[in-house]
Amino acid sequence: LKHFLSLDGLKQQHLNEILDLAESFINPQTNEIKKVPLLRGKTIMNLFFEPSTRTRTTFEIAEKRLSADVMNLNISASATKKGESLLDTLWNLEAMQADMFVVRHAESGAAHFFAEHVAPHVHVLNAGDGQHAHPTQAMLDMFTIRKLKGDIFDLKVAIVGDILHSRVARSQIQALSLLEAREIRVIGPKTLIPPYPESLGVQVYHDMKQGLDDVDVVIMLRLQNERMQSALLPSADEYFKTYGLTEERLSYAKPNAIVMHPGPINRGVEIDSAVSDGSQSVILQQVTYGIAVRMAVMAIIMSNAAQLQQLKHEQAQ
Ligand code: CP
């Protein structure tokens, strides 16, 4: 793997490699995430053209735990505001000897565009592009599920909400499908669910009671207001009444079901505080695991095979 732009073209074994390496970065006794020298001497630049709290920060922590040198470009104070093009910005940063760009952008395809134009030795990692993909989010979600519920192929997983505009849902469905989840369900209003090819095996529900019945994992998504035409946008109250996850609705799922959300959460719109802060919620654990998973992805695309072999050998001792 040279770049990590989406899960397209990956196989189950690639996903398991990422999940296993992420596991090796967590100290089993203390749950602390280790610091390792895998990317010492490498320079990683985080280019977030769209707001982010979790992804940007956990990437930065992950890069530092891999011992890389880290630079965060402040886009709002950069020369892009004076009319410098995306490509000129990219090439100038490359001239500062970047080894990898982590890119978030509101346009679908932005990370691919970067990957097409960087020098051959430079890596690009997609931290979320438009409605297209958010592959490290999907991987940290798979890690969380595997860690808390065991093998994914035994599980029924429901993704609830604005599926149509969600890059997270697209990547999650790909990952769940590659890991052969027993059932992948999507639940939401007709206007917010895209058509799925039968081959993907996704079951569509518009009713929370039916869709949540007996599931092991409930993944909530927020309404992506910024990507929605106003005609499609339901009112927050109306949406909560029909699709908000309340304690009563959560009781339709298995009693030990976990509740996930990629964040940011909108309390009282897609999820009730009693659920997001309740005992079945693993929302903040997702954030922590994001560090280890992002470390694993960056290590795999940037380290050479000998370094990774050495690391595995050390972990085994
Ligand atoms: N899950 C996620 O992408 O959150 P941020 O927008 O805060 O990075």
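These numbers were taken from a predicted model, which means no experiment stands behind them. (Residues numbered from 1 in each chain as written. Predicted model: local features only at pLDDT ≥ 70, side-chain atom pairs only at ≥ 80, totals over all residues.)

## What to know about the UniProt feature "binding site: carbamoyl phosphate" (unreviewed entry) in the protein
Here, the residues flagged by UniProt with the feature "binding site: carbamoyl phosphate" (unreviewed entry) are Arg 54, Thr 55, Arg 104, His 134, Gln 137, Gly 263 and Pro 264. Ignoring sequence-local partners within four residues, the contact set of Arg 104 consists of Phe 48, Phe 49, Glu 50, Ser 52, Thr 55, Ala 127 and Gly 128. Looking at where His 134 falls in the secondary structure, it is placed in the loop between strand 4 (123-129) and helix 5 (135-149). Once residues lying within four places of it in the same chain are set aside, the contact partners of His 134 are Gly 128, Arg 167, Val 168 and Ser 171. (UniProt positions renumbered as here; feature names shortened; annotations may be inferred. Contact = placed C-beta atoms within 7 Å. Helix = DSSP H or I, 4+ residues; strand = E, 2+ residues; numbered from the N terminus.)

## A closer look at the packing of helix 2 (residues 54-65) against helix 11 (residues 283-302)
Helix 11 packs onto helix 2 with a crossing angle of 55° between their chain directions and a minimal axis gap of 8 Å. On the basis of the axis angle, helix 2 is oblique to helix 11. Here helix 2 and helix 11 pass one another in a crossing that is right-handed. Contacts between helix 2 and helix 11 involve Arg 54, Thr 58, Phe 59, Ile 61, Ala 62, Glu 63 and Arg 65 from the first element and Val 287, Gly 290, Ile 291, Arg 294, Met 295 and Met 298 from the second. Here the residues of the contact of helix 2 with helix 11 are counted per class, giving seven nonpolar, two polar and four charged. (Axes fitted to C-alpha atoms, helices over the stretch in contact; angles between N-to-C directions. Parallel < 35°, antiparallel > 145°, perpendicular 65-115°, else oblique. Left-handed = near helix turned anticlockwise from the far one by under 90°. Nonpolar A, V, L, I, M, F, W, Y, C, P; charged D, E, K, R; others polar.)

## Side note on the sheet that holds strand 9 (residues 258-260)
Within the open sheet, the five strands sit side by side as 7-6-5-8-9. Their pairing is parallel. The strands lining the two open edges of the sheet, one partner per strand, are strand 7 (202-205) and strand 9. Each strand of the sheet is rotated relative to its neighbour by a mean of 20°, with strand direction disregarded. In this sheet, strand 8 (residues 217-220) lies alongside strand 5 (residues 156-160) in parallel orientation, the contact comprising four bridges. Opposite Val 160, over in strand 8, you have Met 220 as the bridge partner. Taken strand by strand, helix 5 contacts strand 8 and strand 9, and its axis lies near 165° from that of strand 9. (Pairing = 2+ DSSP bridges.)

## Considering the UniProt feature "domain: Aspartate/ornithine carbamoyltransferase carbamoyl-P binding" (unreviewed entry) in the protein
Mapped onto the present numbering, the UniProt feature "domain: Aspartate/ornithine carbamoyltransferase carbamoyl-P binding" (unreviewed entry) falls at residues 2-146. Across residues 2-146 one finds 38% helix and 17% strand; the C-alpha atoms that close the span lie 26 Å apart.

## Looking at helix 5
Taking 1.5 Å of rise per residue, the 15 residues of helix 5 would be expected to cover 21 Å, and the 21 Å separating its terminal C-alpha atoms lies within 8% of that figure. Within helix 5, twelve of the 15 residues are buried, which leaves the element mostly enclosed by the surrounding structure. Those residues of helix 5 that fall on the buried side of the exposure criterion are Pro 135, Thr 136, Gln 137, Ala 138, Met 139, Leu 140, Asp 141, Met 142, Phe 143, Thr 144, Ile 145 and Arg 146. (Expected span 1.5 Å × (residues − 1). Buried ≥ 20, exposed ≤ 12 C-beta atoms within 10 Å, placed from the backbone.)

## Some remarks on the sheet that holds strand 3 (residues 100-105)
Either a parallel or an antiparallel arrangement is found when strands of a sheet pair, and the pairing is made through backbone hydrogen bonds. The strand order across the open sheet formed by four strands is 2-1-3-4, and the pairing between neighbours is parallel. Of all the strands in the sheet, just strand 2 (69-73) and strand 4 have a single pairing partner and so form its edges. Neighbour-to-neighbour, the strand axes of this sheet turn through a mean angle of 15°, independent of strand direction. Across the sheet, helix 4 (residues 110-117) touches strand 3 and strand 4, and the angle it forms with strand 4 is around 165°. Against the sheet, helix 11 contacts strand 3 and strand 4, and its axis sits at roughly 150° relative to strand 4.

## Regarding the site of the ligand
Taken together, Ser 52, Thr 53, Arg 54, Thr 55, Gly 128, Gln 137, Pro 262, Gly 263 and Pro 264 make up all the residues around the ligand. Grouping the constituent residues of the shell around the ligand by class yields two nonpolar, six polar and one charged. Counting residues domain by domain, the shell around the ligand receives three or more from each of domain 1 (12-133 + 289-316) and domain 2 (135-285). (Near = placed C-beta within 6 Å. Domains from an automatic or database assignment.)

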